[in-house]
Each structure stands twice: as C-alpha cells, then as structure tokens.
2 protein chains.
Amino acid sequence: MAIFRLLIILTVAYTSLSQSIIQISTEKQTLLASDGISDHPKIPNDLYCESWRFTVETNDAGIWAQVPARCEGFVKDYMTGDKYQSDSEAVADNSLAYAKTVELHGDGKDAWIFDVDETLLSNIPYYVRHGFGSEIFDEVSFDNWVDMAEAPAIPASLRLYEELLELGFTIILLTGRTEFQRNATARNLEYAGYSNWERLILRHNSDHGKSATIYKSERRKQLEDEGYKIHGNSGDQWSDLTGFAVAKRSFKLPNPMYVIA
Amino acid sequence: MAIFRLLIILTVAYTSLSQSIIQISTEKQTLLASDGISDHPKIPNDLYCESWRFTVETNDAGIWAQVPARCEGFVKDYMTGDKYQSDSEAVADNSLAYAKTVELHGDGKDAWIFDVDETLLSNIPYYVRHGFGSEIFDEVSFDNWVDMAEAPAIPASLRLYEELLELGFTIILLTGRTEFQRNATARNLEYAGYSNWERLILRHNSDHGKSATIYKSERRKQLEDEGYKIHGNSGDQWSDLTGFAVAKRSFKLPNPMYVIA
C-alpha cells in the first residue's frame, strides 16, 4: 500500500505541475506542441530530458523539430560520453545474437540492410560544432561535411558489419543521401573501415519529395522482388525500419539529435 | 579529431571487453543468449542496465526471458522512483498532443485502444513482492492478484484516458487477460477510476495459443470491419502495437519488467 500512496502523491505533484502556467512566446509554443511533451519547468533537467529521450527512441514523439533547448547539454553529454557508445554496443549485441540464429540460404540473397548516417558512420564531429541537434538543420554546412568524407565509424556497427559478412550475409546500404553524394559516401565508408557491401542505394532525382519511410520501403520492396530475403535492418531512424517490405527483424540504433520523417 | 580519437579509444576498450572470457554456467549462458546482450562484467551496472533497458524499450531485444539478475535493483529503482512516472507522463503528453490534432468524425467510431496491465493499471504492488521481473513469471500468483482487483491506475494514463473521453474519442480496452477475468478486470478498472469505456475485449478460449500480436491484430481488424477508425493505441508491449490493422499512431509505454510475445 506504500506504493499506492506514493502513486497518489506523485499524481497530485504531476497534476499541479501540468496545470502550472508556462510563460513562453507563441513561436516557442508551436515548437513545444510539435515536440509533444510539455516543458514542465519544475521537473529537474536530467529527469525531463531522459523522458524526452525515451519518447524519441520509442517513436512516441513522432516528428519533432529539434532538441529542446534545455536538453542541449544533456544530449551533448549523452553523445560524447559512454552512454551512446554503450547503447550502440547493446544494439549490436542484439543484432548479432539474432543474426546467428538465421538459417542462411547461401544463394547470395540473404540480405542485411544498413542505413549510413548515425548507423554506420558517426557525424559527431559535425554535430559537436552544431549544437548536437539543438540548432535548426543546415543542409549546406552538412553537405560540406559529407563531401569531406571524414566521418568515423560507430565502433559497434563496424564490429557487427564485419561479423555479418563473416556469417555470410549480403550487405546492402540504403541511405537518404543523394546520388550526387555517391562518391563521397563510398570514400567515407572505406575511410571508416567498411568494405565489401553488395550495393549502395541513394536517393534518385525521382525520389525527390518522398518521405524517407516511403523511399526506403520502395527500395526494400524492389530488393524483395529481386529475390533478396531481408533478414535484418539496422537504422537510427524509425523511418529506416517501418513502412512496408520491412525486415524480419529491425534494430533501432540510438539517436537523440534529430528525426527524419 | 579529439572525438575521433575518443571513438578509437572506446573501440579498443569495448573490443577487449567483448573478447573477455565470461565464466558462467551453461544454463546462464542460454539465458544470456535469449536476452541478446552480452553480460560484460566490467561495464558499470547502471550503464549496462540503462543500455539493456534501451534495447527492451526499442524492441531491439525482441523476446527475452527475464530481467538480468544484475539489473534487479536497477529495475526496482526505476519502477518505484520518479523515472517511470516521468516517462509515463511524457508518453501521455505525446499521446494527448497527437489526439488534439485528430479530426473526429463524431459518429462514435473514433476509437482509441488501451491495453490494461502496465498501461491503464499498475501491477507494481504485485511485482514489488516478485522481484520486479527478475523472477520467472508465476501465473497462479498473478491470477490471484488479478482477482483481488486492487491494482492502482497509472496516473498519467488516467489523465490521458479522461482527456480523450472529453475530446470525444470512443475508448476500447484490449487486453491479454482472459474472459474468466472479465468481472475482476472491470471491477479493478472502476476501482482505479476508469469508466465509460465502450468495450472491454478479453481473450476467448478460441484465442488460446495465439501470440499477443496476432490476437490483438485480429481484434483490431474486427473493429475496423465494424467501421471503427483506430486513431490511437496505447500499450506497454510492442505486441500491443504491431502486427496488422495497426493504429494511425501507436504509443509505447515504459515497461522493463517483462515482455509478452
């Protein structure tokens, strides 16, 4: 019954918090509405930001504009500390545990799909200079960064990638980057230690305006039509993993910096 | 470049950890394999358990047997402290923000589906006496607890439930509990403060042996065939939310204590 009383006390506490009047500008209100969770000012920052991250990683938050201003330091600490690394390793462990249970046909059509940004490659060196998702996304500066082709591998993903190749999976890379970025992307992947992918699929001109979910689902469907069996799919965005022609198992990597619809 | 060096250092650190030999019994090894992530003994408990929780809540872990022994205290602290409460509130905020954007038809067929256990009702008073998911699930003692009909509401869910009714949604309850538990379940829901649901759907005899995903998808499909438009769906299990006839938006509530396939 102690727990029951605790729940009642917390209910009252939260109810009074949610009814407190928050003085913010209209612009800020719009942003908060799209972010979905209220900016309860009395809740400690870490607690608030951990819960915000929960809703982002479970897809409860849906499409959100940018990291809440009060969580900028939290996201920076998460991305550059040991938590992001540890979460990535845990996801790679899950992926590999599943991969080892898959019965491969051995016809070269046993596919595992990887997204590129924040899945195989880490753009932390870019985001460290751009507020870790707390700034509005700047396409020009990000494209310049892509052209540099210096993004490091996410260590857990490189380990998984190499073990999947060894197990006999055919690796397909499916990214929202465009055909214009093919050379820089391939060069960067090799620089980071990746090799022996079967195919690198990028957005064509004809994909312009399509949501990532639709574009990636269509490409997975094409792969299935070619006879590929998509056993696994790794991505940091829910739009990498959902839609149609989804993989038998999908693995969500952490990314509290941005969302792609 | 400092970040790049950091990543390399962490890679080396993790690689050496993942190659360390873990001395465990065969029985324990099987358990770890089903849990998916390796039991790196050198990683601090909180870091390990936070990452384990990440993989559970994102569905990366898939089906797992029970809370890892080393995370029993972590899960207890999470469930009884302010984090579970805060995460539940954030999910309710997301759900309500979405609900307010839905254009209702006003024909009584604008449905929102709720699961029951760990979604509307909290079984913490039961799990506080049963290791918070670190013990093998005991159906007999849990059924006795259900018959007592004393589970409290999750405060955030009660708030959401009432606001959805006010907005004009028709509430449908879809639970994995069986028809034999109908009276106890309805009595408990009322005791916890819930009322005015349109329908309480429980497992029939004919659902015996079906996975939760299939059973719940079939019932959602029946609702659609009756003309219901399923705008939202709230559940603590991925098997509440995935499969077919899925809702327009699904909301995953936290639950690191157990998984239902």
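Under an unreviewed UniProt entry, chain A has the name Acid phosphatase and belongs to Fraxinus pennsylvanica. According to its UniProt record, chain A has this under Sequence similarities (unreviewed entry): "Belongs to the APS1/VSP family."

J.: If you had to explain helix H3 (residues 45–57) of chain B to someone new, which residues and values would you point to?
T.: Each full turn of the α-helix corresponds to 3.6 residues, which orients residues three or four apart in the same direction. All names here are of chain B. Between its first and last C-alpha, H3 extends 18 Å over 13 residues, near the 18 Å set by a 1.5 Å rise per residue. Across the 13 residues of H3, eleven count as buried, placing the element largely inside the fold. Regarding H3, the residues found buried are Leu47, Tyr48, Cys49, Glu50, Ser51, Trp52, Arg53, Phe54, Thr55, Val56 and Glu57. Just past H3, the residue Asn59 takes up positive phi, approximately 75°.

J.: An account of the packing of helix H3 (residues 45–57) of chain A against helix H5 (residues 82–99) of chain B is needed here, citing residue identities and associated values.
T.: With their axes 9 Å apart at the nearest point, H3 of chain A and H5 of chain B run at an angle of 55° to one another. Comparing the axis directions of H3 of chain A and H5 of chain B gives the class oblique. Seen from above, H3 of chain A lies across H5 of chain B with right-handed handedness. For the pair formed by H3 of chain A and H5 of chain B, the contact residues are Leu47, Glu50, Ser51, Phe54 and Thr55 of chain A on the first element and Asp82, Lys83, Ser86, Asp87, Ala90, Val91 and Asn94 of chain B on the second.

J.: Let's hear about the packing of aromatic side chains: which residues, and what values?
T.: Throughout the structure, instances matching the rule amount to 29 aromatic pairs over all chains. Consider the rings of Tyr78 of chain B and Tyr84 of chain B, whose centres lie 6.0 Å apart with planes at 65°: the pair is edge-to-face. Of the residues examined, Tyr78 of chain B reaches a relative accessible area of 3% and is grouped as buried. With relative accessibility at 3%, the residue Tyr84 of chain B sits in the buried group. Among the aromatic residues, ring-to-ring pairing joins Tyr126, Tyr127, Phe137, Phe142, Trp145 and Tyr258 of chain A into one connected group. The positively charged end of Arg249 of chain B is found above the aromatic ring belonging to Tyr98 of chain B, 5.2 Å away from the centroid.

J.: A description of the pairing of strand S4 (residues 229–235) of chain A should follow, citing residues and the corresponding values.
T.: Regular strands have side chains that alternate between both faces of the sheet. Residue and element names in this part refer to chain A. The buried count for S4 comes to six of seven residues, which makes it a mostly enclosed element. Of the strand pairs in this sheet, strand S1 (residues 110–114) and S4 are connected by five bridges, and their pairing is parallel. Residue Asp110 lies in a different strand from S4, and its bridge partner there is Lys229. Direction of pairing for S4 relative to strand S5 (residues 249–252): parallel, over a ladder of four bridges. Across the sheet, residue Ser234 finds its bridge partner in S5, namely Phe251.

Calculation rules
- Residues numbered from 1 in each chain as written.
- Chains lettered and ligands numbered in written order.
- Predicted model: local features only at pLDDT ≥ 70, side-chain atom pairs only at ≥ 80, totals over all residues.
- Heavy atoms only, no water.
- UniProt positions renumbered as here; feature names shortened; annotations may be inferred.
- Helix = DSSP H or I, 4+ residues; strand = E, 2+ residues; numbered from the N terminus.
- Expected span 1.5 Å × (residues − 1).
- Buried < 20%, exposed > 50% of the residue type's maximum accessible area, 1.4 Å probe, protein only.
- Axes fitted to C-alpha atoms, helices over the stretch in contact; angles between N-to-C directions.
- Parallel < 35°, antiparallel > 145°, perpendicular 65-115°, else oblique.
- Left-handed = near helix turned anticlockwise from the far one by under 90°.
- Contact = heavy atoms within 4.5 Å.
- Phe/Tyr/Trp six-rings, centres within 6.5 Å; stacked < 30°, edge-to-face > 60°.
- Lys NZ or Arg CZ within 6 Å of the ring centre and 35° of its normal.
- Pairing = 2+ DSSP bridges.

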